[in-house]
Structure formats: structure tokens, C-alpha cells
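Observations on the model geometry
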Amino acid sequence: MPNEQPIGIFDSGFGGLTVARAVIDLLPSEDVVYFGDTARYPYGPRPLDEVRDFAIQITNYLVDEHNVKLLIVGCNTAAAAALEDLEKMVDVPIIGVIAPGAQSAIDVSETKSIGVIGTVGTINSGAYVRAFNELSPQEIELQPLACPGFVEFVEKGESSGEQLLVLAERLLAPIVSAKVDTLLLGCTHYPYLARAIAQVVGNDVVLVSSADETAFAAAACLKDMDLLATKEKTGKRLFISSGDVSWFAEVGQRLFGPELASAQPHEWNPSP
Ligand code: DGL
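Residues numbered from 1 in each chain as written. Predicted model: local features only at pLDDT ≥ 70, side-chain atom pairs only at ≥ 80, totals over all residues. Heavy atoms only, no water.

Moving on to the side chain of Thr-122. Secondary-structure assignment places Thr-122 in helix α5 (residues 120-125). A polar side-chain atom of Thr-122 sits 3.2 Å from a polar atom in the side chain of Thr-77. A distance of 3.1 Å separates polar atoms of two side chains, one belonging to Thr-122 and the other to Thr-119. Residue contacts for Thr-122: discarding those within four places in its chain leaves Asn-76, Thr-77, Ala-80, Ala-127, Tyr-128 and Gly-186. (Helix = DSSP H or I, 4+ residues; strand = E, 2+ residues; numbered from the N terminus. Polar contact = N/O pair within 3.5 Å; in protein donor to acceptor, adjacent residues only side chain to side chain. Contact = heavy atoms within 4.5 Å.)

See below:
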């Protein structure tokens, strides 16, 4: 029964949980398998080729071992590195976070002066510049900015505090000067830092996360393909981590909720 197969979502760590939250809230009857590649986070500073290899390995794992019917790349860096390769590689539909996020920002912005922040890998790949150009050529004044160091705070379980604020003030200065009216959080970890980011850029800048729009895209895709779960039930959720699973469960419960208590380990073979 393909309709009852799970949706797969992956990220380098906790970030994709922001997408998983939106998917579960929108599609409560769906089973979801979430994979956090915490053994190899952060992806942001790594060469894109290496991130692409990781994304291919995780996609094969979720398709072959968990039989997912739809795969959501809940990581901007992995989507920037590999989305097109993954689409060619497997038969299941694949959704990334970049185009849905860009579309949300365009919808929300009044002045069309938009900032996008992400990892070094995502921003340097030019994936957001391409996505905005495809969706709305000419109209947008885009300020892309890499924010190295933000992801590490989330993975340490810290989403507030003086050190984070000092880093945010230093990194986000170009966004403040650019006077954007909308700031797209182009890394799925960043919604966990939204309070600190808002404190620096000011409350009149609208922060946009790609999570909701990605969930809507997933729902539309399943509907179009006639793959929505048919049984009225609360879906089963499985959370898997390739790193220290007790840490994943502890921080994950704080960020996401009690379901993370039963997170499962996965160990990669020494040479992928
Ligand atoms: N959450 C990820 C992203 O959206 C990955 C961050 C990282 O591992 O550096 O880019």
C-alpha cells in the first residue's frame, strides 16, 4: 500500500525538525521518518561534493530501508548540493526547501528588498539567487549572507544568550544596513534562533522560514500523485540519528517535543 508508506525527511541534525513539525501539523495521519546526520554535522562548511555524497547515501537509506513514498530534503545545504542529482536517482518524488522558502519570502515582502541568510555552502552555491531569479526575475533586490557559527549554537542546544547575540550582531550587520523588509531563514536550523535574529534585525523585518511552505508543497505533491495516507489515524513517527543518540533525544525533546525521547541510532559503515 504505497499510500501508507512514510514520508522521509533529513537534515544534518536538528534543523529539519522545523520542517518535520510543519509536515506533521499539516498531515497528521502520515507516518514520518526523520533522519538527522548528527555524526557529520555541520554540513555548511563542507565542500558541496562531500555534502552531495552524504545526501545520496541518506536518500538511498531512506528509500531502501524505510520505503519512503516522498522525500523532503529538510536541509538547504544538502538541497543546494544535491537536489537535482537526487531527483534523477530515485523514483520517489523529492521536495527541497529552497524554492518553497523563496516563494514565501516573495509573497510576504512588500518592498521586494529581501535578505536571505544560510550556511556558507548554501549561500556560496548561488542556489537562492537562482531560485529568486526563476520565481521573480528583475523584481527582487536580494541580499544573500552566510552566517557561519549559527548552526553550532542550535546543535549545542543553545538558542539564546549573550554569546549568540554578539555573533548575531556581528554577522547580521549587512542585513541591518540593507534595510530589507523580509529576511528568509535559508537554513532550517535558524528558526530556533528566531528570537535572537529578530532582536538584531528589528521587529519590523518579517522573518520567513521555509518549513510551512515546504509542508504545503509536500501535501500538494502527495495529493497530485494520489499518495496521501487513506487511514484516519495519528501517524507513526520515527526519529533517527547517526551521532550520539542520547544527545539527539535530549536536545530534540527540548526543541521538538517528547516524541524525540525514543530516537533510534544509525551507524554508517566506516567507508560509505
Ligand atoms: N540545516 C541545514 C541547512 O538548512 C544544515 C546546516 C549545517 O549542517 O551546517 O542548511
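Now for the layout of surface pockets. In this structure, the largest pocket occupies an estimated 420 Å³ of space. Taken together, 18 residues make up the lining of the largest pocket; nearest its centre are Leu-83, Glu-84, Ile-98, Ala-127 and Arg-130. Elements with a contribution of two residues or more to the lining of the largest pocket: α3 (76-89), α4 (98-108) and α6 (127-135). When residues of the lining of the largest pocket are assigned to their parent elements, the largest contribution, 8 residues, is made by α3. Looking at the lining of the largest pocket, its residues break down into 11 nonpolar, 1 polar and 6 charged. (1 Å grid on protein atoms, 1.4 Å probe; cavity = no way out; pocket = protein on both sides within 12 Å on 5 of 7 lines; lining within 4 Å. Points joined across faces, edges and corners; volume = space filled by probe spheres on them. Nonpolar A, V, L, I, M, F, W, Y, C, P; charged D, E, K, R; others polar.)

A few words now on the pairing of strand β8 (residues 206-209). Consecutive residues of a regular strand have side chains that alternate between opposite faces of the sheet. Of the strand pairs in this sheet, strand β7 (residues 182-185) and β8 are connected by 4 bridges, and their pairing is parallel. The partner of Leu-184 across the bridge, within β8, is Val-208. Where the polypeptide runs from β7 across helix α10 (residues 194-201) and back to β8, its parallel neighbour, the crossover connection is right-handed. (Pairing = 2+ DSSP bridges. Right-handed = clockwise from strand over helix to strand, strands pointing away.)

Taken as a whole, this structure holds 9 salt bridges when the rule is applied. The partner of Lys-236 in a salt bridge is Asp-31, with the nearest N and O atoms 4.0 Å apart. One end of the pair, Lys-236, is in the loop between α11 (211-224) and β9 (237-241); the other, Asp-31, is in the loop between α1 (17-26) and β2 (32-36), with 205 residues separating them in the sequence. Asp-37 is the salt-bridge partner of Arg-40, the closest N and O atoms lying 2.8 Å from each other. Note on accessibility: Arg-40 and Asp-37 belong to one class, buried. Counted as one network, the salt bridges with shared partners bring together Asp-31, Lys-233 and Lys-236. (Salt bridge = Lys/Arg side-chain N within 4 Å of Asp/Glu carboxyl O. Buried < 20%, exposed > 50% of the residue type's maximum accessible area, 1.4 Å probe, protein only.)

If you walk through the whole model with that rule in mind, you get 9 aromatic pairs. Taken together, a centroid distance of 6.3 Å and an interplanar angle of 40° make the contact between Tyr-128 and Phe-132 tilted. On the criterion of helical spacing, the pair formed by Tyr-128 and Phe-132 is a turn pair, its members being 4 residues apart in helix α6. For Phe-132, a relative accessible area of 3% puts it in the buried group. Counting every residue linked through ring pairs, the aromatic cluster contains Tyr-34, Phe-239 and Phe-256. A cation over a ring is seen here: Arg-21 above Phe-256, with NZ or CZ 4.4 Å from the ring centre. A cation sits over an aromatic face here: Arg-40 above Phe-54, 3.9 Å from the ring centre. (Phe/Tyr/Trp six-rings, centres within 6.5 Å; stacked < 30°, edge-to-face > 60°. Lys NZ or Arg CZ within 6 Å of the ring centre and 35° of its normal.)

Before going further, it helps to examine the sheet that holds β8. Across a sheet, paired strands are connected by hydrogen bonds in the backbone, their directions being either parallel or antiparallel. With parallel pairing, the 4 strands of this open sheet are ordered in space as β6-β5-β7-β8. Looking at strand neighbours, the two that pair on one side only are β6 (141-146) and β8, the edges of this open sheet. Strand-to-strand twist in this sheet, taken as the mean axis angle between neighbours without regard to direction, amounts to 25°. As paired elements, strand β5 (residues 113-118) and β7 share 4 bridges and run parallel to each other. Bridged to Val-116 within β7 is Leu-184. Its contacts with the sheet put α4 on β5, β7 and β8, and the angle it makes with β8 is roughly 155°. (Axes fitted to C-alpha atoms, helices over the stretch in contact; angles between N-to-C directions.)

A few words on the site of the ligand. Around the ligand, the surrounding shell holds 13 residues, and the nearest of these are Ser-12, Tyr-43, Asn-76, Thr-77 and His-189. A distance of 2.9 Å is found between a nitrogen atom of the ligand and a side-chain nitrogen or oxygen belonging to Asp-11. Between Tyr-43 and the ligand, the recorded distance is 2.7 Å, taken from a backbone N or O atom to an oxygen atom. Across the shell around the ligand, the residue classes tally to 5 nonpolar, 7 polar and 1 charged. (Near = heavy atom within 4 Å.)

Geometry only, nothing functional implied.
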